[in-house]
Amino acid sequence: MKFIAFIALFTVSCLFATNDDNSFITKYEYGAMLYKNPRGIGCNKCHGNGKNEIILAKYRNKKGELKYIKVPPISKVSFEDFKAKLKSDKTESLIMPTYFLTDNELDSLYFYIQKLK
Ligand code: HEC
């Protein structure tokens, strides 16, 4: 009986222990979820599929010149740049929001965006 309880406990702890590819939710799936729902506006809302530059808005300034608000592609950004960007505070960007993601979340999110198609 004790042995069965031990096995059950062991199985459950394995399920929750890691986020690598043999647990109940893969790192890729976790990253995909965070991309759409990172406790804030989804990355997809601005970066779309992440592979191409996106024009978020067009406007004319006071001189009547046409201006664009562009969102860069993110699938080829280095992990250092990615982390720096996601950990930077509001003053750095007028457009991209500040997020409060843990290192583990950033890791999965980065794993996912590198595989964006
Ligand atoms: C409201 C629009 C918006 C949202 C939402 C958004 N971004 Fe951005 N992102 C931008 C813009 C615009 C830039 C260009 C630099 C700047 O203005 O901050 C950018 C820049 C970046 C960069 C730097 C790219 C480079 O070339 O260095 C990364 C990485 C990035 N975003 C990842 C993300 C991730 C991951 C999320 C979701 C957690 C996200 N962004 C959500 C608009 C957005």
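Residues numbered from 1 in each chain as written. Predicted model: local features only at pLDDT ≥ 70, side-chain atom pairs only at ≥ 80, totals over all residues. Heavy atoms only, no water.

Colleague: Provide a residue-level description of the coordination of the iron atom of the ligand, including the pertinent values.
Modeller: The iron atom of the ligand binds to the protein through His47 (NE2) and Met96 (SD); the donor distances cover 2.0 to 2.2 Å. The class of His47 is buried, set by a relative accessible area of 10%. (Donors = N, O, S within 2.8 Å, 3.2 Å for Na, K, Ca; no water. Buried < 20%, exposed > 50% of the residue type's maximum accessible area, 1.4 Å probe, protein only.)

Colleague: Account for the nonpolar core, with residues named and values stated.
Modeller: Grouped together as the largest cluster of nonpolar side chains are 16 residues, with contacts concentrated most on Tyr35, Phe82, Leu86, Leu101, Leu109, Tyr112 and Ile113. Contributions of two or more residues to this core are made by α2 (27-36), α4 (79-87) and α5 (103-113). Looking at this core, the element that brings in the most residues is α5, giving 5 residues. If sequence neighbours within four positions are ignored, Tyr112 has contacts with Tyr28, Gly31, Ala32 and Tyr35. (Core = buried A, V, L, I, M, F, W, Y, C linked by side-chain atoms within 4.5 Å. Helix = DSSP H or I, 4+ residues; strand = E, 2+ residues; numbered from the N terminus. Contact = heavy atoms within 4.5 Å.)

Colleague: Provide a residue-level description of a positive patch on the surface, including the pertinent values.
Modeller: Taken together, the side chains of Lys51, Lys76, Lys115 and Lys117 make up a positively charged region of the molecular surface. With respect to the secondary-structure elements, Lys76 resides in the loop between β2 (66-71) and α4. (Patch = residues over 30% accessible without salt bridge, like charges linked within 9 Å, V, L, I, M, F, W, Y side chains within 5 Å. Areas by Shrake-Rupley, 256 points an atom, 1.4 Å probe, with all protein chains shown as cover. Salt bridge = Lys/Arg side-chain N within 4 Å of Asp/Glu carboxyl O. Lys, Arg positive; Asp, Glu negative; His and termini not counted. Charge placed at Lys NZ, Arg CZ, Asp CG, Glu CD.)

Colleague: Got a sec to walk through the site of the ligand? Specific residues and values, please.
Modeller: By nearness alone, 20 residues border the ligand, and Cys43, Cys46, His47, Lys85 and Met96 come closest of all. Within the side chain of His47, one N or O atom sits 2.8 Å away from a nitrogen atom of the ligand. Its atoms largely coinciding with the cavity grid, the ligand occupies the largest pocket. For the shell around the ligand, the secondary structure elements donating two or more residues are α3 (43-47), β2 and α4. Counted by class, the shell around the ligand contains 15 nonpolar, 3 polar and 2 charged residues. (Near = heavy atom within 4 Å. Polar contact = N/O pair within 3.5 Å; in protein donor to acceptor, adjacent residues only side chain to side chain. 1 Å grid on protein atoms, 1.4 Å probe; cavity = no way out; pocket = protein on both sides within 12 Å on 5 of 7 lines; lining within 4 Å. Sits in = over half its atoms within 2 Å of the grid points. Nonpolar A, V, L, I, M, F, W, Y, C, P; charged D, E, K, R; others polar.)

Colleague: How would you summarise a nonpolar patch on the surface if you had to cite specific residues and measurements?
Modeller: Together, Ile55, Leu66 and Tyr68 line one region of the surface with nonpolar side chains, adding up to about 270 Å² of accessible area. Tracing the chain through its elements places Tyr68 in strand β2. The class of Tyr68 is partly exposed, set by a relative accessible area of 39%.

Colleague: Could you give an account of the pairing of strand β1 (residues 54-60), with specific residues and numbers?
Modeller: Here 6 bridges tie β1 to β2, and the two strands are oriented antiparallel to one another. Considered in β2, the bridge of Arg60 is made with Leu66. Joining the antiparallel neighbours β1 and β2 is a turn of 5 residues, in which Gly64 adopts a positive phi near 85°. (Pairing = 2+ DSSP bridges.)

Colleague: Could you give an account of the layout of surface pockets, with specific residues and numbers?
Modeller: Empty space within the largest pocket amounts to approximately 440 Å³. Taken together, 23 residues line the largest pocket, and the ones lying closest to its centre are His47, Val71, Ile74, Lys85 and Met96. Where the lining of the largest pocket is concerned, the elements lending two or more residues are α3, β2, α4 and α5. Element by element, the count of residues in the lining of the largest pocket is highest for α4, at 4 residues. In terms of residue class, the lining of the largest pocket is made up of 17 nonpolar, 3 polar and 3 charged. (Points joined across faces, edges and corners; volume = space filled by probe spheres on them.)

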